[in-house]
Amino acid sequence: MAAPTGHNWDTAKKSLNDDDEDTDPVEEMIKKTGCLEKHYDVMECMADHRDWRICQTQVTAFKKCMADYHMKSIKKS
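Note that the coordinates shown come from a computational prediction; the quantities given were computed from them, not determined experimentally. (Residues numbered from 1 in each chain as written. Predicted model: local features only at pLDDT ≥ 70, side-chain atom pairs only at ≥ 80, totals over all residues. Heavy atoms only, no water.)

**Q** Whenever I open this one, the nonpolar core confuses me. Can you help?
**A** Within soluble globular proteins, side chains that are nonpolar generally end up buried alongside one another. Ile30, Cys35, Leu36, Tyr40, Val42, Cys45, Met46, Cys55, Phe62 and Cys65 together form the largest nonpolar core, which totals 10 residues. Of all elements in the fold, only helix 2 (36–49) and helix 3 (56–76) reach the threshold of two or more residues within this core. Per element, the largest residue contribution to this core is five residues, and it comes from helix 2. Not counting chain neighbours up to four residues away, the residues in contact with cysteine 35 comprise Ile30, Phe62, Cys65 and Met66. (Core = buried A, V, L, I, M, F, W, Y, C linked by side-chain atoms within 4.5 Å. Buried < 20%, exposed > 50% of the residue type's maximum accessible area, 1.4 Å probe, protein only. Helix = DSSP H or I, 4+ residues; strand = E, 2+ residues; numbered from the N terminus. Contact = heavy atoms within 4.5 Å.)

Below, the structure is given as structure tokens:
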């Protein structure tokens, strides 16, 4: 059986406080950046529209959040 490809846009939005054993490691890494809610915004937009061009507001906000986190982590080093 082939491994699934792409994103699962139909996945329900998880609670930020969800301590489920099946936690996605990518979500765990994003959670540490403080950008998890913005990630969920992108996922929700993609689930609704299935077109990243329509979701540019959410994508841009997530990208900025991740860039801000990266800059803060560089300054700490």
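**Q** Explain the packing of helix 2 against helix 3 to me, please; I cannot follow it from the model alone.
**A** Two quantities define a packed helix pair, namely the angle between the axes and the distance from one axis to the other. Interhelical geometry of helix 2 versus helix 3 gives an angle of 155° and a closest axis separation of 9 Å. Between helix 2 and helix 3, the angle is such that the two are roughly antiparallel. Along this stretch, helix 2 crosses helix 3, giving a crossing that reads as left-handed. In contact with Lys38, His39, Asp41, Val42 and Cys45 of helix 2, helix 3 contributes Gln58, Val59, Ala61, Phe62 and Cys65. Residues of the contact of helix 2 with helix 3, tallied by class, amount to six nonpolar, two polar and two charged. (Axes fitted to C-alpha atoms, helices over the stretch in contact; angles between N-to-C directions. Parallel < 35°, antiparallel > 145°, perpendicular 65-115°, else oblique. Left-handed = near helix turned anticlockwise from the far one by under 90°. Nonpolar A, V, L, I, M, F, W, Y, C, P; charged D, E, K, R; others polar.)

**Q** Sorry, what's going on with the pattern of salt bridges here?
**A** Under the definition given, this model contains two salt bridges. A salt bridge links arginine 53 to aspartate 51; its shortest N-O distance comes to 2.9 Å. A residue is classified by how much of its surface remains accessible, and aspartate 51, at 17% relative accessible area, is buried. Lysine 64 is paired through a salt bridge with aspartate 68; the nearest N and O atoms lie 2.8 Å apart. With lysine 64 and aspartate 68 both in helix 3 and four residues apart, this pair spans about one turn of that helix. For lysine 64, a relative accessible area of 52% translates into the label exposed. For aspartate 68, a relative accessible area of 34% translates into the label partly exposed. (Salt bridge = Lys/Arg side-chain N within 4 Å of Asp/Glu carboxyl O.)

**Q** Got a minute to help me understand the state of the cysteines in this structure?
**A** In a disulfide, the sulfur atoms of two cysteines are covalently bonded to one another. Summed over the entire model, instances satisfying the criterion amount to two disulfides. Shown here is the disulfide that connects cysteine 35 with cysteine 65, its sulfur atoms set 2.0 Å apart. With the S-S bond torsion at -95°, the cross-link from cysteine 35 to cysteine 65 turns out left-handed. Here the residue cysteine 35 occupies a position in the loop between helix 1 (25–33) and helix 2, and cysteine 65 occupies one in helix 3, the gap between them amounting to 30 residues. A relative accessible area of 0% means that cysteine 35 is categorised as buried. Given a relative accessible area of 15%, cysteine 65 falls into the buried group. Note on cysteine connectivity: cysteine 45 is disulfide-linked to cysteine 55, with sulfurs 2.1 Å apart. (Disulfide = S-S within 2.5 Å.)

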